Amino acid sequence: MNPLTNIQRIYFIGIGGIGMSALARYFNTQGVKVSGYDKTPTPLTDDLVKEGIQIHFEDDLAQIDKDATVIVYTPAIPADHKELNFYRDNGYNVVKRSDVLQWVTENAFTIGIAGTHGKTTTTSMTAHILRHTGYGCNAFLGGIASNYGTNFWSHEKNVVVVEADEYDRSFLKLAPNVAVVTAVDPDHLDIYGTAEEVLKAFGQYTDKIKPNGVLIQKYGTVFPVNAANKEVFTYSYNEPKASFHTSDLKVIEGSYHFDLVHPKGILKDVVLNMGGLHNVENATAAIAIALQLGIDENKIKDAVASFQGVKRRFEFKIKTANKVLIDDYAHHPEELNALISGVRSLYPNEKMVLVFQPHLYSRTQDQAAGFIEVLSKADEVILLPIYPARELPIPGVSSDILLDKMTVAKKTVMSKEQLFEWAANTQDKLIVMAGAGDIDACITKVKEIFSK
């Protein structure tokens with residue numbers, strides 16, 4: 001029996017998270033009574049309230065839904081949370097977001113996109129192509145698609161495009177028909193412990209592919225893959241040995257133009273109006289999926305050209321002759337490297353000032369050498385203090401451990417207030433701001449300052 005059929009009321013603890021809110025929106029479209037808690041109001045929770053979802057922002061038993069059939073929580077919720085413990089202590093059906101995604105996807109044709117980075121943009125591109133071409137899909141995204149202003153949409157076709165998150169091993173609940181693996185770099189070592197365990201988990205994810213399914217992995221990713229009962233393809237933007245790769249790549253007026261070589265021919269004259277060579281690679285993966293589904297090639301090209309990107313993924317906040325402000329979610333050394341390379345490909349002669357907010361004490365400590373190497377590729381670096389998210393401080397770990405060893409000539413650690421003062425006085429043209437914490441609020445303020 002499908003557990004979804006018996007849900008009349010559902011309550012989300014941490015409803016404002018990007019993945020949780022997509023699920024909340026899904027149930028809201030299904031006529032289920034949806035409500036929830038989150039720590040602080042955000043533009044995303046404001047949107048959910050406008051859509052008819054009741055949300056409160058205090059850990060308060062008087063405001064919960066005691067008639068809810070299912071309680072969904074995020075692993076980021078602290079262990080002493082009163083609402084979560086009430087539901088657990090009183091025999092409610094308390095599950096993680098990954099459990100609910102399993103229910104949604106197990107009876108659908110599922111396209112699952114995994115990877116330690118690149119998955120949000122690739123998922124959003126894929127879902128956009130399927131929507132724009134008329135193929136149709138239900139989309140659960142890890143970011144806000146700029147074309148639609150949402151991280152979820154529904155369709156009567158029983159096809160699901162979902163971001164398969166490796167955090168907390170959530171993606172092992174999914175059994176995709178088509179699986180993509182964008183990257184397997186060490187991350188979330190607070191969960192996995194070692195890089196080898198990360199690779200092992202990705203192998204386990206691909207073992208979940210349904211019989212006669214398809215695996216599309218980035219060329220050069222090495223992890224345990226059992227090729228039995230599935231087709232295996234590779235993709236790359238610049239490696240001709242990959243099953244899907246680009247050729248004749250050019251930058252014309254801030255857009256990428258390329259041909260896409262695939263096992264059955266060449267897709268000519270593809271245009272991507274989004275910055276970053278890594279996004280050319282993400283588009284290659286999304287196009288590979290669309291070709292596997294048999295979608296018309298001209299429709300695919302039209303969809304790619306119309307893709308406006310994802311909020312906080314190489315997003316231009318200002319793009320004028322005198323000032324460029326780029327916002328990106330990059331919070332891992334490989335993501336930062338891709339971001340810097342992408343910016344250099346579009347602005348090879350411009351001084352780049354990179355403002356970076358490290359995310360998590362553990363990640364800063366574990367990946368310190370990688371951050372130091374990559375940050376040193378900018379012309380000037382401004383570091384904000386570490387954003388702790390779910391963690392307590394680790395003695396001796398701060399942004400200064402990166403600052404001290406970076407080789408870039410101009411570098412500093414600033415508070416947010418100091419950053420705003422700097423923004424009011426800088427004459428630099430190209431500013432890139434990156435991080436997964438609350439730096440997005442800083443970007444809004446910096447944009448206001450620059451716009452004046």
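It should be noted that the structure appears before, not after, this text.
Residues numbered from 1 in each chain as written. Predicted model: local features only at pLDDT ≥ 70, side-chain atom pairs only at ≥ 80, totals over all residues. Heavy atoms only, no water.

**Thoughts on the pairing of strand 19 (residues 380-383)**
Step number 1: Burial along strand 19 is two-sided: Glu 380 and Ile 382 facing one way and Val 381 and Leu 383 facing the other are all buried.
Step number 2: Pairing geometry for strand 18 (residues 352-356) and strand 19, over 4 bridges, is parallel. If you follow Val 353 over to strand 19, its bridge partner there is Glu 380.
Step number 3: Across 4 bridges, the pairing between strand 19 and strand 20 (residues 410-413) is parallel. Among the inter-strand pairings, Glu 380 is bridged to a residue of strand 20, identified as Lys 410. (Buried < 20%, exposed > 50% of the residue type's maximum accessible area, 1.4 Å probe, protein only. Helix = DSSP H or I, 4+ residues; strand = E, 2+ residues; numbered from the N terminus. Pairing = 2+ DSSP bridges.)

**Things to note about the pattern of salt bridges**
It is possible for side chains bearing opposite charge to pair when their charged atoms get close.
Step number 1: According to the stated counting rule, one finds 17 salt bridges in the structure shown.
Step number 2: Note that Asp 99 is salt-bridged to Lys 173, the shortest N-O span being 2.6 Å. Of this pair, Asp 99 sits in helix 4 (residues 97-105) while Lys 173 sits in the loop between strand 9 (159-164) and strand 10 (178-181), placing them 74 residues apart in sequence.
Step number 3: Taking relative accessible area as the criterion, Asp 99 reaches 18% and is therefore assigned buried.
Step number 4: When the shortest N-O distance is used, the salt bridge between Lys 268 and Asp 259 registers 3.2 Å. (Salt bridge = Lys/Arg side-chain N within 4 Å of Asp/Glu carboxyl O.)

**Considering helix 10 (residues 333-346)**
Step number 1: With 14 residues, helix 10 ought to run about 20 Å at 1.5 Å a step, and its terminal C-alpha atoms sit 20 Å apart, in line with that.
Step number 2: Those residues of helix 10 that fall on the buried side of the exposure criterion are Pro 333, Glu 335, Leu 336, Leu 339, Ile 340, Gly 342, Val 343 and Leu 346. (Expected span 1.5 Å × (residues − 1).)

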